[in-house]
Structure formats: C-alpha cells, structure tokens
Amino acid sequence: MTQVDAAETGQGGARRPDTGAGTWRARVRRAVRAASRPGPWKRGPVLAGLAVLLGLILLLHARITDRGGLGSLVETFLPWFGLFIPVLLTGALWRRSASAVVALLLPAVMWLNLFGALLGDKSRPGGDLTVAEHNVGDANPDPAGTARDLAASGADVLALVELTEQARGTYEKELAEAYPYHTVQGTVGLWSRLPLSDTRPVDIKMDYGPLADTKPADVKMTYTRALRTTVATDQGPLAVYVAHLGSVRVFPRKGFWTDSRDRGAKALAEAVTAERNERVVLLGDLNGTVDDRALAGITSQMRSAQGEAGNGFGFTWPATFPVARIDQILVRGVQPDSSWVLPATGSDHLPVAARISW
C-alpha cells in the first residue's frame, strides 16, 4: 500500500498530471472549439452587409425614391458617405473579417469614381475673366465690410444674392468705385467692370399659384430672385445668369421639403436652354449640389467650374463649418481655368470665384 500510494502521489504528496485520457479529452475540446470558430470569410457578416449597402447607395443613389425629398437629401450629402468606409474598415480589421474587407471594395471604388477627381488640384494658369458669386446673407451684420472684401477679390464680374432693401444701398455705395456697371433685380444683383446690356429678370416661379398672374409688376418684382444680362467682354458677349433658388427645409413629418427649389430649378433650366448666346455663365446660390437630381436640367447642359478646375470639394455652407457646396459657378461655351472659395465674410455662406477663358 505504501508503494502504491507513493506511485500515485509522487514525492511530496503532489498528484502527477494525467497523461492519458485527460490529455486526450482536452485536445478534443480544443479541436471542437477551433472547428466551431468561424473562419475569416465567415466573420463579420453584419459589417460585410453594411459595406454592400453603402456601395449600393453610392452606385444607385439616383434611383433612391425622392418621396419626402429623401433622394435629394442623400445626394446633397453624398460625399460624406465616404466617411463610413474607414469606420467599417476598422471594424473589419478588428474582427479579422476577410469578407467585410472585400465587400468594402464596392463602396471604395464607387466613391472614388464619383468624387476621386475632385481631390486633386485641376487649376491651370491663365484666364480672360474672373467671376465671383456670394450669398451675402439677409442677416449679415457688416454689409460694408463684406462689400469691401469682395471688391478686393479682383473679380471682374460679381454676383450677389439675398440682397435686402436695407443693405442694397450699402453695397451700391461700397462697390461703385470698383464696378461702374451694375444691375439689381429684386433680391439679386450683378456688379461688373465691363458694360452690361439686355438685362431682365428671370421668372423662376417664386410667386406661384392661381393669384400670381393677377398681381401687378411692382409687387411681383419683390419676388424676383434671378436675372439675365449680357457682359461685353473683349472676346465677345457673355450671357450671365444670377439666381437664388428657393430654400429647402427639413420637417420631422414631411421630410426634406424642396418644392420651391425644384420648381425654380426647372424654370431656370428652361431659361438657360432658350438662351441663344453660346457663351453662358450661371452664378448663384442654387440650394443644391451638382449631384442633386433636382438640378439635372441645369447640370445636363452646363459644367461646374469647381468640378473641372477646382481643388477639392469647395464646400460653401454653412460658413462656420461647410458641409455642402450649394453656391455654384456653372459654365457653357467657355473654359474654366481655376475655381476657388474666398474667405468668410459676415454671411452664413462662403463666396466662390473662378477664372474662365474663351
């Protein structure tokens, strides 16, 4: 008995490790756990699904329903969807999910296809004319300072929108020396170093409904938010449109309300289509990005100066932290050579400028 006990317990009374069935069972348990653990292609199915969904949004954004303005809202902030790609990639790497990493190729490729060209500097030297646009803001606390800043920008043609009756005189006074020619139609105006002619308001259906046709011209003028004029340049006449499309609103129940903006965009597109001058520039706050389907009637026949000759996205609103470019310089029949965003003024929008050539 003494010898048997010693053999079982060993020296010092400690029990020897079980090198037989116990070890075999432990190995079986480890093998079962390893076999039941999902491989890298099976891990992270939710991350992979979200990556595919993101890619489909970027690929098929034009087919998203616009009920409640959903499609327009998505397209307004479409560039920012790219921020989800590194977030999902971080999760995929943490989960060691090969399927999620591969799925992320779809949104990455689609985002680069849509916006990759905007990341580089496409500007080039030269240009015959500098044009600028600014929504000066109806609540701008310093219109005189804004006017001086814009005059110092060197723009040959300067479009201002959201002009109020109270501030109009200030802008006319401060810009008179730099711009001997100007016109104001309703709440939009154009200041120019070059002569203007054939100036007229453009009806973008701001005053809309059964009673609109019964109102006198002076009353209708207060609703004017677009104009057309001809600038006499050394290279020939240039048709310039200035526009401020209707605002958009987000309501908890109605969604993204864009009726006024959409109606104005359609009317403006019709006016540009009917323009006989081959050289056209549109300057304005269109309350929409060039990706927004509501502006398709305009962007299908005009090109973005920022898209062709800018550096980056050129976001303009809100001025404190710009997230969207809704202030546009669009051209037809002329070549944009450079496009940039000017420093902030007292407005809630940033001014934009571009150099164009013939």
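Data block above holds the structure.
Residues numbered from 1 in each chain as written. Predicted model: local features only at pLDDT ≥ 70, side-chain atom pairs only at ≥ 80, totals over all residues. Heavy atoms only, no water.

Novice: Hey, could you go over the nonpolar core for me, with residue numbers and the actual values?
Specialist: As a rule of thumb, nonpolar side chains are buried together in soluble globular proteins. Counting 21 residues, the largest nonpolar core has V131, L190, V242, V281, L283, I329 and I356 as its most contacted members. Of all the elements in the fold, those that place two or more residues in this core are β1 (129–135), β2 (157–161), β4 (188–192), β6 (226–233), β7 (236–244), β10 (280–285), β12 (327–332) and β14 (352–357). The contacts of V242, once residues within four sequence positions are left out, are A159, L160, V161, V188, G189, L190, R225, A226, L227 and L283. (Core = buried A, V, L, I, M, F, W, Y, C linked by side-chain atoms within 4.5 Å. Buried < 20%, exposed > 50% of the residue type's maximum accessible area, 1.4 Å probe, protein only. Helix = DSSP H or I, 4+ residues; strand = E, 2+ residues; numbered from the N terminus. Contact = heavy atoms within 4.5 Å.)

Novice: Can you break down the pattern of salt bridges residue by residue, with the values?
Specialist: Throughout the structure, instances matching the rule amount to 13 salt bridges. As a salt-bridge pair, R168 and E172 come within 3.1 Å of each other at their nearest N and O atoms. A residue pair is termed a helical-turn pair when its members lie 3 or 4 positions apart in one helix, as R168 and E172 do in helix α9 (residues 165–175) at four residues. Between D198 and R200 there is a salt bridge, with the nearest N and O atoms lying 3.3 Å from each other. Taking the relative accessible area as the measure of exposure, D198 reaches 48% and is therefore partly exposed. Among the residues examined, R200 registers a relative accessible area of 36% and is labelled partly exposed. Overlapping salt bridges, with partners in common, bring together D198, R200, R228 and E275 in one network. (Salt bridge = Lys/Arg side-chain N within 4 Å of Asp/Glu carboxyl O.)

Novice: An account of the packing of aromatic side chains is requested, with residue identities and associated values reported.
Specialist: Geometry of an aromatic ring pair is reported as the spacing of the ring centres plus the angle between the planes. Following the criterion strictly, the structure yields six aromatic pairs and no others. Ring geometry for W80 versus F315: centroids 5.6 Å apart, planes at 20 degrees, classification stacked. In this pair, W80 sits in the loop between α4 (70–76) and α5 (84–95) while F315 sits in the loop between α13 (305–309) and β12, placing the two residues 235 residues apart along the sequence. W80 sits in the partly exposed class, given a relative accessible area of 28%. A relative accessible area of 19% places F315 in the buried class. Ring centres of F313 and F315 lie 5.2 Å apart, and the angle between their planes is 15 degrees; on these two criteria the pair is classed as stacked. Through a chain of ring-to-ring contacts, three or more aromatic side chains come together here, namely W80, W111, F115, F313 and F315. Here the guanidinium or amino end of R193 rests over the ring plane of Y179, the centre of that ring lying 4.8 Å away. (Phe/Tyr/Trp six-rings, centres within 6.5 Å; stacked < 30°, edge-to-face > 60°. Lys NZ or Arg CZ within 6 Å of the ring centre and 35° of its normal.)

No statement about biological role is implied by the geometric values presented.
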